[in-house]
Amino acid sequence: MHQPVSLAGALNQALGDALDADDRVVVFGEDVGPLGGVFRVTDGLAARFGPDRVWDSPLAESGIVGTAIGMAMNGLRPVVEMQFDAFAYPAFEQITSHLAKMHNRTRGRVGLPIVVRIPYGGGIGGVEHHCDSSEVYYTHTAGLRVVTCATPSDGYRLLRQAVDSPDPVIFLEPKRRYWTKEPIDRAVDGPELHQARVVQPGRDVTVITYGGTVETALEAARIGRDEGYDLEVVDLRSLSPFDDETVTASVRRTGRAVVVHEAAGFCGYGAEVAARLTEQCFHSLAAPILRVTGYDIPYPPPQLEHHHLPDAERILDAVSRLQWEGEPHHG
Amino acid sequence: MDAAGVATGDGTYELPDHDTLVALYRAMVVGRRFDAQVTALTRQGRLAVYPSSRGQEACQTGTALALRPQDWLFPTYRDCVAVVTRGVDPVDVLVSFRGDWHCGYDPYEHRVAPQCTPLATNTLHAVGVAHAARLRGEDAVAVVLLGDGATSEGDTHEALNFAAVWKAPVVFVVQNNGYAISVPLHRQTAAPSLAHKGIGYGIRSEQIDGNDAAAVYATVSSAIASAAAGGGPTLIEALTYRIEAHTNADDASRYRQDDEVAGWLERDPVRRLAVFLSSSGDFDATGFDAEAEGLAAGVRTRMGTDAPVSPSDLFEYVYARPTAALARQRADALDLPVGGRATMDGHEPGGRGIR
């Protein structure tokens, strides 16, 4: 059997295999060379592939994304690292005005196959500016694919798919799952880049989530079983585009839905999910769609972050408020 | 050469040969006529907006003609004359200003990036293209045009720094036309010159007379040769002047005096090269005027009819392949039978399916 690999290790293997598979792939960013990145996701790659494939850039996020755009215009497939979620904001103009739009501006003549890797989210005791969940800044921008992984196996698959994508991909890595380990098979088949997956089948409620809170939802499903709720957990994987097919099929089956994410609820990703499901599944719903999210506050300091982050208890509290008439109808 | 068309070279750069000077003059005559024609069409309402190149023809044609076929040009919105000089179809250049699409030409055909509207962002793209060329072993240099205002943007700083650290084959040509819309240079920077800005990054930097096409051509050519030979980037500050307002929507009388404009008209780049070439004897420019008129007439005719635009295009190029959601929105926008309803839980919104 394969040795267990952490998410950071799986992403490292994905980058190594992508560099091996296609000599147009280059990896650069802050500290990604000899240090191997602050989370060691690029560990060993500079030594293995040399400084023309993997290198440290000057410390400037707009510069990293902006030069990656030029490199992609000239035949390369850059994978760049933003060191932390909030440190990616200096690159926002390059991402929204150029990375997302070049294909559209040029009527498809210039494609930008670039992956921008962003470690995101909290739960690691990080000080300020190190824990933002910045996904909706990107999902609101047409032209970007935005994906996030929850497990080592899926992280490997998703990153390989992202590197192979002809579209620019914002690749969000949930920092608090970097050290989660499982054996991985380094397969790229299974769900495609744009597809969600049902990670826990259930009959009573669809819990829709992604990234760092997939594990939280699975924990809620384990505890919920003892309380008589059979939860289905959907890992969205692709936040943009949204996989309507998989999610609506699940919600039509269960009739109830809870959306879970770390980011603030107001204008958060869950608002879009709830609106879409209401539009598409209204007649299948037995209760309003509820959201379990971070509060509408700046990300809190380490000593207080556990109050902010959704946990299994808050998910199950939402489940209990889904207008049950008597017992859940399973069994 | 000075404003009177008298050679003033100090020997730092060789005077471009006669044929090159004639080519520069031809490009300036054609470029100026193109610019005047587009300005006229804009007044007639045929274009949504147009930022004129008038007065900056030497910077733009000198740079464009210095490029080798394999080199890249990264223009801004004000560099239509440079783009036309590079060989892009003039009407394709005007697609974005007419509002038919964003970029109307294929950037790979002449190696001209889409004209950049956000200031200074294209400097980083140029560095990226140049660095990729070096990594791929390709003999190509990227030349990026920017203005005096753009040198205050953070991306210019990052691009100069990245280019210097990576020794990227890139040339930065700053057209210092004195104003960022209305803000004069002394409110833009306290640096002794914009060329000084390159020094802190370890970049070879020069300030030249940007209304001297021979100087622009010689300096940019030399910088391209240096970059191609592994010498890294060069920053060139070309001193010039924007004769027209920022765009047709701007009123330059609110921030500058007529006598200032008159002073710069005396330093006209086109006339001085004509004087210089005429003094050499062997020079006949009559064909260029006819060519310029022909181009202007062609632009008038082709811009006189509306280009066909399709709402279907709105959805075609967002991703390499339209997503399922965009396919539904396209059907909705075009009133096609396969609409968003297909996913509506088997019930039509507001129709008989509502309980």
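Up top is the structure.
This section reports on the structure supplied with the text. (Residues numbered from 1 in each chain as written. Chains lettered and ligands numbered in written order. Predicted model: local features only at pLDDT ≥ 70, side-chain atom pairs only at ≥ 80, totals over all residues. Heavy atoms only, no water.)

### Looking at the overall build of chain A
Across its full length, chain A carries 12 helices and 14 strands. Looking at chain A as a whole, 65% of its 331 residues qualify as buried. Contacts in chain A between residues at least 24 apart in sequence constitute 82% of all its contacts with a sequence separation of at least 6. If you sum the accessible surface of chain A, you get close to 12,200 Å²; carbon and sulfur atoms cover 51% of it. Each charge class in chain A was averaged separately, 30 positive and 45 negative side chains, and the resulting centres sit 5 Å apart. (Helix = DSSP H or I, 4+ residues; strand = E, 2+ residues; numbered from the N terminus. Buried < 20%, exposed > 50% of the residue type's maximum accessible area, 1.4 Å probe, protein only. Contact = heavy atoms within 4.5 Å. Areas by Shrake-Rupley, 256 points an atom, 1.4 Å probe, with all protein chains shown as cover. Lys, Arg positive; Asp, Glu negative; His and termini not counted. Charge placed at Lys NZ, Arg CZ, Asp CG, Glu CD.)

### Some points on the interface of chain B and chain A
A common way to express how large an interface is: the accessible area buried when the components associate. Contacts between chain B and chain A engage 51 residues on the former and 50 residues on the latter. In total, chain B and chain A occlude about 4,100 Å² of area from one another, counting both sides; carbon and sulfur atoms represent 56% of this. Linking chain B to chain A there are 3 salt bridges. For A:Arg107, the salt bridge goes to B:Asp313, with nearest N and O atoms at 2.7 Å. Put simply, chain B and chain A have 21 residue pairs in polar contact (both at pLDDT 80 or more) between them. Those elements that place two or more of their residues in the side of chain B that touches chain A are strand 1 (72–74), helix 5 (121–135), helix 6 (154–166), helix 12 (313–316) and helix 13 (324–333) of chain B. Ranked by the residues each element gives to the side of chain B that touches chain A, the list is headed by helix 5 of chain B, at 11 residues. Broken down by class, the residue content of the side of chain B that touches chain A amounts to 28 nonpolar, 12 polar and 11 charged. (Buried area = accessible area lost by both parts, 1.4 Å probe. Salt bridge = Lys/Arg side-chain N within 4 Å of Asp/Glu carboxyl O. Polar contact = N/O pair within 3.5 Å; in protein donor to acceptor, adjacent residues only side chain to side chain. Nonpolar A, V, L, I, M, F, W, Y, C, P; charged D, E, K, R; others polar.)

### Describing the packing of aromatic side chains
All names here are of chain A. Taken as a whole and assessed by the stated rule, the structure comprises 23 aromatic pairs over all chains. For the ring pair Phe39 and Tyr178, a centre distance of 4.9 Å and an interplane angle of 35 degrees mean the geometry is tilted. Placement of Phe39 in the loop between strand 2 (25–29) and helix 2 (45–49) and of Tyr178 in the loop between strand 7 (169–174) and strand 8 (181–183) is noted, with a sequence separation of 139 residues between them. You can call Phe39 buried: its relative accessible area is 12%. (Phe/Tyr/Trp six-rings, centres within 6.5 Å; stacked < 30°, edge-to-face > 60°.)

### Regarding the sheet that holds strand 13 (residues 257–264) of chain A
Neighbouring strands of a sheet are bound in pairs by backbone hydrogen bonds; such pairs are parallel or else antiparallel. Residues and elements named next belong to chain A. An order of 9-11-10-13-14 is seen for the 5 strands of this open sheet, with the pairing classed as mixed. Only two strands of the sheet have a single partner each, and these edge strands are strand 9 (197–200) and strand 14 (290–294). Neighbouring strand axes in the sheet, compared pairwise and without regard to direction, differ in orientation by 30 degrees on average. By the bridge criterion, 5 bridges tie strand 10 (residues 205–209) to strand 11 (residues 231–235) in an arrangement that is parallel. Bridge pairing in strand 11 links Thr206 to Glu232. Strands in contact with helix 9 (residues 244–254) are strand 9, strand 10, strand 11 and strand 13; relative to strand 10, the strand with the most contacts, it is inclined by about 155 degrees. (Pairing = 2+ DSSP bridges. Axes fitted to C-alpha atoms, helices over the stretch in contact; angles between N-to-C directions.)

### Things to note about the environment of B:Leu160
Residue and element names in this part refer to chain B. With respect to the helices, strands and loops of the structure, Leu160 is situated in helix 6. Judged by its relative accessible area of 4%, Leu160 falls in the buried class. Separated by 38 residues in sequence, Leu160 and Gly198 place their C-alpha atoms 7.2 Å apart. When near neighbours in sequence (up to four residues on either side) are disregarded, Leu160 contacts Phe172, Tyr201 and Ile203.

### Observations regarding the pattern of salt bridges
Within this structure, the stated rule accounts for 36 salt bridges over all chains. Measuring nitrogen to oxygen at the nearest pair gives 2.8 Å for the salt bridge that ties B:Arg98 to B:Asp100. With respect to class, B:Arg98 is no different from B:Asp100; both count as buried. Each of the salt bridges in this network shares a partner with another, and the network as a whole consists of A:Asp244, A:Glu272, A:Arg276 and B:Arg328.

### Side note on the packing of helix 3 (residues 61–73) of chain A against helix 4 (residues 92–99) of chain A
Residue and element names in this part refer to chain A. Direction vectors running N to C along helix 3 and helix 4 enclose 25 degrees, while the axes themselves pass 8 Å from each other. In terms of axis orientation, helix 3 runs roughly parallel to helix 4. Residue-level inspection shows Ser62, Val65, Gly66 and Ile69 of helix 3 in contact with helix 4, the latter providing Gln94, Ile95, His98 and Leu99. Residues belonging to the contact of helix 3 with helix 4 are distributed by class as follows: 4 nonpolar, 4 polar and no charged. (Parallel < 35°, antiparallel > 145°, perpendicular 65-115°, else oblique.)

### Quick look at the nonpolar core
Generally speaking, soluble globular proteins have nonpolar side chains that are buried together. Among the nonpolar cores identified, the biggest contains 76 residues, and A:Met73, A:Leu236, B:Val170 and B:Phe172 are the most heavily contacted of them. Among residues more than four places away in sequence, those in contact with A:Met73 are A:Met102, A:Val110, A:Leu112, B:Trp72, B:Phe74, B:Tyr108, B:Ala113, B:Pro114 and B:Val129. Of all hydrophobic cores here, the second largest spans 59 residues; its members include B:Val93, B:Val171, B:Ala238 and B:Ala274. (Core = buried A, V, L, I, M, F, W, Y, C linked by side-chain atoms within 4.5 Å.)

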